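Working through the structure, step by step
Okay, here's what each chain looks like letter by letter:
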Amino acid sequence: MNESMYEWKKQIQIIVDEIDECIKNYNDEALTLQFLSSRLGYSEFYTTRKFKEISGMQFRDYLRSRKLAFALKEIRDSEKSIMSIALNYGFSSNEAFTRAFKGTYGVSPREYRKNPKPVVLRTKINPFDRYLLGLGEIGMMKSTDDVKIYFITIPGHKFLHIKNYESNGYWDFWQKQNLIPGQDYETICGLLDSIKGKLDDLGGSESNCGSGQIMAYMNDPDGRLCDWGIPRTECYGVRLPLEYKGEVPAQMLMIDIPEAEYIVFEHGPFNYEQENRSVEEKIEEAMSNFDFASSGYYLDTSPGRIMYFYFNPEQYFKYIRPVRKSVK
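Residues numbered from 1 in each chain as written. Predicted model: local features only at pLDDT ≥ 70, side-chain atom pairs only at ≥ 80, totals over all residues. Heavy atoms only, no water.

1. Comments concerning helix α3 (residues 44-55)
Here is the rule we go by: For helices the rule is a DSSP run of H or I covering at least 4 residues; for strands it is a run of E covering at least 2, with both sets numbered from the N terminus onward. Each residue after the first adds 1.5 Å to the expected span of a helix.
Across its 12 residues, α3 extends 16 Å between first and last C-alpha, which sits within 8% of the 16 Å expected from 1.5 Å per residue. Following α3 by one or two positions, G56 has its phi on the positive side, about 85 degrees.

2. Section: the nonpolar core
The cut-off we apply is this: Residues belong to a common nonpolar core when they are buried Ala, Val, Leu, Ile, Met, Phe, Trp, Tyr or Cys residues joined through side-chain atoms within 4.5 Å. Only protein chains enter the accessibility calculation, which uses a 1.4 Å probe; a residue is then buried when its area is under 20% of its type maximum, exposed when over 50%, and partly exposed in between.
Core analysis: the biggest nonpolar cluster contains 38 residues, and I15, I19, F51, F59, F97, F101 and Y105 have the highest contact counts within it. Within the residue set of this core, elements represented by two or more residues are α1 (3-24), α2 (33-40), α3, α4 (59-77), α5 (82-88) and α6 (94-105). Residue contributions to this core peak at 9 residues, all from α4. Of all hydrophobic cores here, the second largest spans 34 residues; its members include Y185, L192, L240 and M287.

3. Notes on the pairing of strand β9 (residues 316-325)
Threshold: Pairing between strands is defined by DSSP: at least two bridges between the two strands are required.
For β9, the buried fraction is high: 8 of the 10 residues fall into the buried class. For strand β6 (residues 260-267) and β9, the ladder comprises 6 bridges, and the chain directions are antiparallel. Residue pairing across strands places Y262 opposite P322, the latter belonging to β9. Pairing of strand β7 (residues 297-299) with β9 involves 3 bridges; the strand directions are antiparallel. Within β9, the position partnered with L299 by the bridge is V323. As judged from the 5 bridges shared by strand β8 (residues 306-312) and β9, these two strands associate in the antiparallel manner.

4. Some remarks on the pattern of salt bridges
Quick note on the threshold: The rule for a salt bridge is simple: a side-chain nitrogen of Lys or Arg has to be within 4 Å of a carboxyl oxygen of Asp or Glu.
By the definition in use, this model includes 18 salt bridges. The partner of D17 in a salt bridge is K124, with the nearest N and O atoms 2.6 Å apart. One end of the pair, D17, is in helix α1; the other, K124, is in the loop between α7 (109-114) and α8 (130-133), and 107 residues separate them in sequence. Using a relative accessible area of 12% as the deciding quantity, one classes K124 as buried. Put simply, R76, D77 and K196 are held in one network by salt bridges that share partners.

5. Observations regarding the side chain of S167
Inclusion rule: Any pair of N or O atoms that falls within 3.5 Å is considered a polar contact. Within protein, one atom must be able to donate a hydrogen and the other to accept it, and sequence-neighbouring residues count only if both atoms are side-chain atoms. Contact between two residues is taken to exist if any of their heavy atoms lie within 4.5 Å; hydrogens are not considered.
Of note, S167 is situated in the loop between β2 (157-164) and α9 (170-177). With a relative accessible area of 2%, S167 lands in the buried category. Here E234 takes part through its side chain, which lies 2.5 Å from a polar atom of the side chain of S167. S167 has contacts with D172, F173, K176, R224 and E234, leaving out every residue within four places of it along the chain.

6. Topic: the packing of aromatic side chains
Condition: The criterion for an aromatic pair is that two Phe, Tyr or Trp rings (for Trp, the six-membered ring) have centres within 6.5 Å, with stacked assigned to planes under 30 degrees apart, edge-to-face to planes over 60 apart and tilted to the rest.
Counted under the stated rule, the structure contains 24 aromatic pairs. Taking the centre distance of 4.8 Å and the plane angle of 20 degrees together, the rings of F309 and Y319 count as stacked. Separated by 10 residues along the polypeptide, F309 in strand β8 and Y319 in strand β9 bring together distant segments of the chain. Comparing F309 with Y319 shows no difference in burial state: the two are buried.

What follows is the structure, given as structure tokens:
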């Protein structure tokens, strides 16, 4: 990646972040190309050209689809009138909002409120995602937090997900999934973002990790042998309550995860751009060096057990691995 494109990805990320902040605060006056391009110090023409080049879509189309994603969640979760929601998100009338909503999701706002089925939302784009770009960190490790290690019992729940038998890590997972129709990053993340009741949902339209979406690794004899010598399949999805009765998208799987014990390796908040690789290495070292013999537990490698991976730099980076108590 040349330096100018690298810098422009960072600049467009500023616009993308600003768009979500303005939508969230109903600040429609600031959601103009003129205002946002002036923040970068470039002309509207040049900014919109770069936005299209980097994101693959027109600025106005992205803005409209993000507004509709925020509006859909308010229809789903609040008791506000559809008219007031339409006005809050910059639509001139109920008719204009209904037309845009139905054209995007195939159902009217009123029908969706009665029966909120999974739909593909326009998730926030991240043009400057260092993880997906395969870039290393900048600068030195600043965090001094140690990795916390503790045991927990996780109650029974459901896991709605897709899986890949061949992938090796988050980046490779999505490289392979993006080749499968209907199982690409945008479709899957958009579907999962629209589902209500996720156990790990932080209320986040801001990012996929904030809306309860997580990677998982399932012990599976038919899976790929991982670095720890355990055959596994990589999964991506959301945890849901056991009583969840919602519709399961055709390209996804739903399984029951019984109550069980786990060990957690957790690092606190960190600077994603500067510290990501160092934090990852620190956690991997803690997992590798942990003395299970004196803990009274051992890693459970039996088929079907699942490990969860939570990655949200503003809160934590953690692995939750399945264990069983040792028999004395």
